[in-house]
Amino acid sequence: MCGIVGIVSDNNVANKLLDGVKRLEYRGYDSVGMVCINSNKLVIKKDAGKIEEVDKKVNFSELKGNIGLAHCRWSTHGSPTKENAHPHFDCKSKISIVHNGIIENFSELKEMLISKGHKFNSLTDTEVIAHLIEDNFKGDIEEATSAALKQIEGSYALGVICADSPEILIAARNESPLIVGIGKNENFIASDVAAILKHTNKVIYLDNNEMAILTKNNVQIKNIDGEIIKKNINEIDWDSELAEKAGYEHFMLKEIHEQPRAITETLNGRIENGNINLANELNFNERELKNISRIIIVACGTSWHAGLAGEFMLEELAKLPVEVEYASEFRYRNPIINGNTLVIAISQSGETADTLAAIREAKKKGAKILSIVNAKGSSIDRESDSVLYTFAGPEIGVASTKAFTTQLVVLYLFTLYMSSIRDSLNKETIKDLMGKLRKLPLEMESLLSKEKEIRKIANIYKDKHNALFLGRGINFPIALEGALKLKEVSYIHAEGYPAAEMKHGPIALIDKNMPVVVLATKDIYTYKKVLGNIQEVKARGGIIIAIASDGDSEIKKLADHVLYIPNTLYILSSILAVVPLQLLAYYAATDRKLDPDKPRNLSKSVTVE
Ligand code: AGP
């Protein structure tokens, strides 16, 4: 939801803080601020607006000091104004903090502090923490922070500095992600690795109710009772170039084009000499997997769409009953779960609060938890019994693209693995399906070479306000995903529907101002029925953009525009079919002069409920 960076160093930190918070801007961009300690004084610069705009106004690089904090905000309490921007500070301007999360008891704490004479400058829940630390401060910033944390209810990733102790940076975490970076004569805290990868790839992942006490040459991890905790130092294997734009105008376009590589990396080592090699990654033995009687998939947003496609794969090939649940709904129901239920959590960030809460609920009820995540070391990764990574690399664009297609690939791999140990498919069939899977990156490359053609068609959306996406079977979740991509980056209202469902209401919307994308790839199941749906739309003056299989000449007679994708297995065609929809959304946004990397009101990782 927000991005945090903190540095304590041998040298001036302003430029590194600015560089770091820029790499976190996708986590929140309605305001930004920075604080350094210079000659035992806090010096703060902050304002509402995107980093570039605010930096032009305040010139963050002017800040002097070898210790500091930076923050980019996605507002939860208090609108995006200069006063509500972080960092916040106490009455005496001695203590400054940055925070990501929600303080659930901030009102009563604020009342208590005001009754003690504290004066507040903002409407945020965060500012309460600064005054609470001040209220507990007796000269030791670590003790005061620890005492304040014990009074707080809610989620936090926190950075704290104090003008009286300019050599110490305190960090603390509960629910919201926070890492510690181990540098040379300097140490870091950050919301995620992208912010500090340029300076170090050695990181410690803080767990809930843990604090870190950093100086430029030392890092100590404690719990909030002050007991020292031993933590592993992890080496990140991403290189920071991957997190750059590499010549593309936006991260979203770069990540759409990275999908062939991301799929290749996700397949690497997992399909060799005709076998699906997942056994060494899964912490479940074959007997446990054979005993699985039911699968529940929990996720949010795009990851939930991947779950719907996974349901189709697992039921069709592994003959396993699957339900797909919105994580936010699942966690408040009373799902019937037992030891033979496998709950699969799908999450790019591994930090989505609702998905994390859902697996905690499922775990309490005795389910086995498998997660499919992109961010190694994330909370969902660490709290699952077993994890299968998507090796998509850092996904910076708010709109998820390469994470989605690699999630589908992992779900397909897991489906084939379950089919092989449960004998729902014979070895020959599995070998054939793997052979087709191996071709996917090349097929996707050839599809991406049609970008110009897709770009031209995207122009249809220039002056439109509504759009419909239709698909059947495994293409229904792809229709949902196409609609989500379009609405979240171009702000055009778009809905995805099962194609047959259109007659039960949405057909009333059809007119010449309603572009309708129809997933019409060739399959034995419903192709003819989809042609019928296209005719129903045409009869009402709708504009049809069809996603069709190479060589299909019939569809040309019906659709206004056809985007062809390579012929492959029906199930795998869904992974290809989403690519033109991603590009349609991207160009609809850029044609409307919008920034697809930072859509309004959104953030990359929703770490609040
Ligand atoms: C997708 O483009 C959105 N950014 C959003 O729906 C996202 O998929 C959702 O918030 C889930 O995020 P996660 O995969 O990190 O859990």
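Above this text sits the structure in question.
Residues numbered from 1 in each chain as written. Predicted model: local features only at pLDDT ≥ 70, side-chain atom pairs only at ≥ 80, totals over all residues. Heavy atoms only, no water.

Observations concerning the sheet that holds strand β17 (residues 294–299)
- Spatially, the five strands line up as an open sheet ordered β18-β17-β19-β20-β21, and their pairing is parallel. Every other strand in the sheet has two partners, leaving β18 (322–326) and β21 (386–389) as the edge strands with one partner each. Neighbour-to-neighbour, the strand axes of the sheet open up by a mean angle of 20°, direction not taken into account.
- In the sheet, β17 pairs with β18 via five bridges, with the strands oriented parallel. Of the residues in β18, the one forming a bridge with Ile295 is Val322. (Pairing = 2+ DSSP bridges. Helix = DSSP H or I, 4+ residues; strand = E, 2+ residues; numbered from the N terminus. Axes fitted to C-alpha atoms, helices over the stretch in contact; angles between N-to-C directions.)

Focus: the sheet that holds strand β23 (residues 493–498)
- Sheet architecture is open: five strands sit in the order β23-β22-β24-β25-β26, paired in parallel fashion. The open sheet has two edge strands with one neighbour each: β23 and β26 (561–565). Recorded for the sheet is a direction-independent mean angle of 20° between the axes of neighbouring strands.
- Alignment of strand β25 (residues 543–549) against β26, held across five bridges, turns out to be parallel. Residue pairing across strands places Ala548 opposite Tyr564, the latter belonging to β26.

A few points about helix α5 (residues 141–151)
- Where α5 is concerned, the buried positions are Ile141, Glu142, Ala144, Thr145, Ser146, Ala148 and Leu149.
- In the core, the buried residues of α5 are packed alongside β6 (95–100), α4 (126–136), β7 (156–162), β8 (169–174), β12 (210–214) and β13 (219–223).
- Looking at where α5 begins, the residue whose side-chain oxygen comes 2.8 Å from the main-chain nitrogen of Glu142 is Asp140. (Buried < 20%, exposed > 50% of the residue type's maximum accessible area, 1.4 Å probe, protein only. Contact = heavy atoms within 4.5 Å. Polar contact = N/O pair within 3.5 Å; in protein donor to acceptor, adjacent residues only side chain to side chain.)

Topic: the pairing of β8
- Here β8 lies mainly inside the structure; six of its six residues are buried.
- Both faces of β8 are covered, namely the face carrying Leu169, Ala171 and Arg173 and the face carrying Ile170, Ala172 and Asn174.
- Relative to β8, β7 is paired through six bridges, and the arrangement is antiparallel. Paired with Tyr156 across the two strands is Asn174, which belongs to β8.
- Connecting the antiparallel pair β7 and β8 is a turn made up of six residues.

What about the nonpolar core?
- If you look at the biggest cluster of nonpolar residues, it comprises 93 residues, and the most contacted ones within it are Ile295, Phe414, Tyr461 and Phe469.
- Sort the elements by how many residues they give to this core and helix α19 (residues 570–591) lands first, with 16 residues.
- If we ignore the near neighbours within four places in the chain, the residues touching Phe414 are Leu278, Leu282, Ile295, Leu314, Leu342, Ile344, Leu370 and Leu388.
- By size, the runner-up hydrophobic cluster in this structure holds 34 residues, among which are Leu18, Tyr29, Phe188 and Tyr205. (Core = buried A, V, L, I, M, F, W, Y, C linked by side-chain atoms within 4.5 Å.)

Quick word on the site of the ligand
- The local shell around the ligand holds 15 residues, among which Ser303, Ser347, Ser349, Thr352 and Glu488 are the closest.
- The backbone of Val398 places a nitrogen or oxygen atom 2.8 Å from a nitrogen atom of the ligand.
- Taking Ser400, its main chain carries an N or O atom lying 2.8 Å from an oxygen atom of the ligand.
- When the free accessible area of the ligand is taken as 410 Å², the share hidden by the protein chains comes to 90%.
- Among the elements of the structure, α9 (301–317) and α17 (475–490) are those that each provide at least two residues to the shell around the ligand.
- Broken down by class, the residue content of the shell around the ligand amounts to five nonpolar, eight polar and two charged. (Near = heavy atom within 4 Å. Areas by Shrake-Rupley, 256 points an atom, 1.4 Å probe, with all protein chains shown as cover. Nonpolar A, V, L, I, M, F, W, Y, C, P; charged D, E, K, R; others polar.)

Description of α17
- Its 16 residues give α17 an end-to-end C-alpha distance of 22 Å, which sits within 8% of 22 Å, the value for a rise of 1.5 Å per residue.
- Most of α17 sits inside the fold, with 14 of its 16 residues counted as buried. (Expected span 1.5 Å × (residues − 1).)

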